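Letter by letter, the chains look like this.
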Amino acid sequence: MKNFRQTCLLIKRIMCKPVMLIILILIPLFLSIVHFLPERRQSTDIVSGFYIETPDSYSATFAKYLTGTSTGFVFRQYNSKEELTDDVSAGRLDSGYVLPSGISESMIKRDNSRSISVFVSPGTSFQEISSEAVYAALLKTYAADMSALMLAETYATDTPGISYDYIHEYISEHFDIYITDNDVFTISSTLSGRYISSEAIIPGTFPVNILIFITIFVCGLLGLQNYMKDLNDGIYSILPPKGRASFCAKNIAAGIIPAAIINIFSMLLYSGYDKVPEVILFIVSSSAAAFIMCILFRIAFRSYKIYMTAMPFIIICTVLLSLLYWLSLK
């Protein structure tokens, strides 16, 4: 009972420290703010670009399809090849497509004399997928005229009354209906053109456990500071070594106990009240670890002045090591 009353008096004493009060007020306030922040996720648009050297009616259809249809990717039209390649090289574009002059004639006549140039950003993993959207746009733009010309070349000379104009008119009228018919195999996409990381930024990955441990440890150091000051002032000079060791433990506990109590409620608010056993177990183990570390520092530092000089460095090193540990787990 005597030890309990002494510990309570030491808690009352340490709670008069402004630093102690600031820590105990800011930690639950900070965790409450983090808890109520909306969870965000890392996201970025998958952007590709294209440049048409000689625009015509076909290329206008091609550009309209890429920029106005839900292909699963974002496409931007450029006014110069140099600007397009510069953005690809800088990583602002995942890939870039250049349609040369006369590409429409080559596509329709299938002469393979011209080709689309593809520029790829270093390290990209989406170019092969975004190129499928480009193929779909080419199909939409040129397939009807290519089919009409191919059929005319095959059948027009052998079949009286069937000409290229007749075939082209027929295919053009029925092509859009046929390609969108439910009997034709199609693939629809619900992609938004945005890559979303599966890892939440806040509050899911906030290092709350590390913050709680540092808080308890710092409060334990403040309790040890009170003991070292009393020892330096000769308050415990009449006590035997065992009595001095007892007051050392009580002062450290006086700093740790209020921090542990406050942090239990803070963690429950942050993590949810369904995790009471896990939270209590973590707080108890963190308090025990902080208590042992403070005892070791008491053994290491016998002088109050040396301890006060080393205390800021101890706190800084603890924070840095904790951050390094957290980063190594990511």
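Here the focus is the overall build of the chain. For the chain, the count of helices and strands is 11 helices and six strands. Here the chain, with 330 residues, has 38% of them falling under the buried criterion. Across the chain, every contact between residues at least 6 apart in sequence was considered, and the portion connecting residues at least 24 apart equals 77%.

Bringing the side chain of Ser286 into the picture now. Position of Ser286 among the secondary structure elements: in helix H10 (residues 276-300). Non-local contacts of Ser286, meaning those with residues more than four positions away in its chain, are made with Phe213 and Ile216.

On to a nonpolar patch on the surface, then. Taken together, the side chains of Ile22, Leu26, Leu29 and Ile33 define a hydrophobic patch exposed on the protein surface, amounting to about 380 Å² of accessible area. With respect to the helices, strands and loops of the structure, Ile22 is situated in helix H2 (residues 18-36).

As a further point, take the nonpolar core. Counting 41 residues, the largest nonpolar core has Ile212, Ile216, Leu221, Leu224, Tyr227, Ile283 and Tyr307 as the members making the most contacts within it. Looking at this core, the elements with two or more residues in it are H2, helix H8 (208-232), helix H9 (241-271), H10 and helix H11 (304-329). For this core, the element with the most residues is H8, which contributes 14 residues. Ile212 has contacts with Ile27, Leu31, Asn263, Met267, Phe282 and Ile283, leaving out every residue within four places of it along the chain.

Quick look at helix H1 (residues 2-14) now. Its 13 residues place the ends of H1 18 Å apart at the C-alpha level, agreeing with the 18 Å of an ideal helix rising 1.5 Å per residue. Within H1, the full set of buried residues consists of Gln6, Thr7, Leu10, Ile11 and Ile14. One side of H1 carries all its buried residues, which in axial view fall inside an arc of 140°. In H1, the exposed positions angled more than 90 degrees off the buried face are occupied by Lys2, Phe4, Leu9 and Lys12.

Here the focus is the confidence of the model for the chain. Atomic detail in the predicted coordinates should be set aside for any region of low pLDDT. Overall, the predicted model of the chain reaches an average pLDDT of 80, with 77% of residues at or above 70. Considering each helix and strand of the chain separately, the mean pLDDT is smallest for strand E6 (residues 194-200), with a value of 43, and largest for H10, with 93. Low pLDDT, under 50, characterises residues 184-204; the predicted model gives this stretch 50 contacts beyond four residues in sequence or across chains.

Here is what the cut-offs are and how they apply
Residues numbered from 1 in each chain as written. Predicted model: local features only at pLDDT ≥ 70, side-chain atom pairs only at ≥ 80, totals over all residues. Heavy atoms only, no water. Helix = DSSP H or I, 4+ residues; strand = E, 2+ residues; numbered from the N terminus. Buried < 20%, exposed > 50% of the residue type's maximum accessible area, 1.4 Å probe, protein only. Contact = heavy atoms within 4.5 Å. Patch = residues over 30% accessible without salt bridge, like charges linked within 9 Å, V, L, I, M, F, W, Y side chains within 5 Å. Areas by Shrake-Rupley, 256 points an atom, 1.4 Å probe, with all protein chains shown as cover. Salt bridge = Lys/Arg side-chain N within 4 Å of Asp/Glu carboxyl O. Core = buried A, V, L, I, M, F, W, Y, C linked by side-chain atoms within 4.5 Å. Expected span 1.5 Å × (residues − 1). Arc of directions from axis to C-beta. pLDDT = per-residue confidence, 0-100.

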